[in-house]
Amino acid sequence: QQIFPSLLSLAWLNRQGDLIADSASDSDDAKFVAQLAAKSAGQPYFLSHGSLAGGPLYLLLRQPAEVRPGGYWVARLDPSALQTLLREYRSADQLWQLEETDTQRTIVRNPPQADDARRSAAQSILVEPVPRSDWQLRSLFEPAAVRAQLLPSLLGEFLLFVTCALLGLFSLIALQRELGRLHI
């Protein structure tokens, strides 16, 4: 706990996914942990979020085949561990959410304080599965926010264009008058 403060407990599974040992004596997630071994399909690691909202984050680690008796380790991590891991990827100008593939329950959202109106206005532009997990990353796009961001610069460019066009027009009118006076 002092080295890994977000580690809640460890469980050891055999190759079939049956529980051998568990450091959490009161855990009632043995069935879910056994399913993780099946979901991982022999991958070196697999991330999942429990079925309970606010429940632990599960990290399944496969032992190498040459290690006897083989099997898996499951680390139950504090839900805030994911927030800590994703901190460097958060930016206020990017809108995305990490969600479960099956239920589409939101696990993490960026920005975290996005209100319901902003989320409902956002349109999904890309859904990409996250490898070695049962999650997907949904990229979101807010047309109103982009419009509000681009409109001032586009208006500025348009006014600059109109100003240059009017200067050119007034120059041509002045030259035409000058030519008219010279011919008379």
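That block above? That's the structure.
A brief structural summary. Keep in mind that what you see is a predicted model, and the values were worked out from it rather than measured.

**Observations regarding the overall build of the protein**
And then number 1: Along its length, the protein carries 4 helices and 9 strands.
And then number 2: Counting from the amino terminus, the protein carries its helices and strands in the arrangement β-β-α-β-β-β-α-β-β-α-β-β-α.
And then number 3: Since a compact globule built from 184 residues should have a radius of gyration of about 16 Å, the 29 Å found for the protein marks it as more spread out than a globular shape.
And then number 4: In terms of its C-alpha atoms, the protein occupies a principal-axis envelope of roughly 110 × 35 × 35 Å.
And then number 5: The buried share of the protein, taken over its 184 residues, is 28%.
And then number 6: Counted over contacts in the protein with a minimum sequence separation of 6, partners at least 24 positions apart contribute 46%.
And then number 7: Just so you have it, the protein exposes about 12600 Å², and 62% of that area is on carbon and sulfur atoms.
And then number 8: Charged side chains of the protein number 17 positive and 19 negative; the gap between the two group centres comes to 4 Å.

**Here's the deal with the pairing of strand β9 (residues 135-141)**
A regular strand places its side chains on the two faces of the sheet in alternate fashion.
And then number 1: The sheet contact formed by strand β6 (residues 96-100) and β9 spans 5 bridges and is antiparallel. The partner of W96 across the bridge, within β9, is S139.
And then number 2: Counting the residues between successive antiparallel strands, the hairpin from strand β8 (residues 123-129) to β9 contains 5 residues, one of them, R132, with a positive phi of roughly 60 degrees.

**Some words on the sheet that holds strand β3 (residues 45-49)**
And then number 1: Read across the sheet, 5 strands follow the order β2-β1-β5-β4-β3 without closing on themselves; strand pairing throughout is antiparallel. Edge positions in the sheet fall to β2 (19-22) and β3, since each of these pairs with one other strand and no more. Strand-to-strand twist of the sheet, defined as the mean angle between neighbouring strand axes without regard to direction, takes the value 20 degrees.
And then number 2: By the bridge criterion, 6 bridges tie strand β4 (residues 57-62) to strand β5 (residues 72-77) in an arrangement that is antiparallel. What sits directly across from L57, in β5, is L77.

**Brief notes about the packing of aromatic side chains**
And then number 1: Taken as a whole, this structure holds 2 aromatic pairs when the rule is applied.
And then number 2: Taken together, a centroid distance of 5.5 Å and an interplanar angle of 10 degrees make the contact between W12 and W73 stacked. Here W73 lies in strand β5 and W12 lies in strand β1 (residues 7-13), a separation of 61 residues in the sequence.
And then number 3: Since its relative accessible area comes to 23%, W12 is described here as partly exposed.

**Some words on the nonpolar core**
And then number 1: Formed by L7, L57, A75, L77, A81, L82, L86, W96, L98, I107, V108 and W135, the largest nonpolar core amounts to 12 residues.
And then number 2: With 3 residues, the top contributor of residues to this core is helix α2 (residues 80-86).
And then number 3: Filtering out sequence-adjacent residues up to four positions away, W96 remains in contact with L86, Y89, R90, V108, R109, N110, L137, R138, S139 and L140.
And then number 4: Ranked by size, the runner-up nonpolar core spans 11 residues in total, among them L13, F32, A37 and L60.

**Description of the pattern of salt bridges**
And then number 1: On inspection of all chains with the given rule, the structure shows 6 salt bridges.
And then number 2: When the shortest N-O distance is used, the salt bridge between E100 and R105 registers 2.5 Å.
And then number 3: A relative accessible area of 10% means that E100 is categorised as buried.
And then number 4: On the basis of relative accessibility, which here comes to 22%, the residue R105 falls in the partly exposed class.
And then number 5: Each of D22, D29 and R76 takes part in one network of salt bridges that share partners.

**Section: the environment of T106**
And then number 1: One can find T106 in strand β7 (residues 106-110).
And then number 2: T106 sits in the partly exposed class, given a relative accessible area of 31%.
And then number 3: When the C-alpha positions of T106 and L137 are compared, they lie 9.8 Å apart, and in sequence the two are 31 residues distant.
And then number 4: Setting aside chain neighbours within four positions, we find T106 in contact with Q97, L98 and E99.

Conventions adopted
- Residues numbered from 1 in each chain as written.
- Predicted model: local features only at pLDDT ≥ 70, side-chain atom pairs only at ≥ 80, totals over all residues.
- Heavy atoms only, no water.
- Helix = DSSP H or I, 4+ residues; strand = E, 2+ residues; numbered from the N terminus.
- Rg over C-alpha atoms; globule rule 2.2 N^0.38 Å.
- Buried < 20%, exposed > 50% of the residue type's maximum accessible area, 1.4 Å probe, protein only.
- Contact = heavy atoms within 4.5 Å.
- Areas by Shrake-Rupley, 256 points an atom, 1.4 Å probe, with all protein chains shown as cover.
- Lys, Arg positive; Asp, Glu negative; His and termini not counted.
- Charge placed at Lys NZ, Arg CZ, Asp CG, Glu CD.
- Pairing = 2+ DSSP bridges.
- Axes fitted to C-alpha atoms, helices over the stretch in contact; angles between N-to-C directions.
- Phe/Tyr/Trp six-rings, centres within 6.5 Å; stacked < 30°, edge-to-face > 60°.
- Core = buried A, V, L, I, M, F, W, Y, C linked by side-chain atoms within 4.5 Å.
- Salt bridge = Lys/Arg side-chain N within 4 Å of Asp/Glu carboxyl O.

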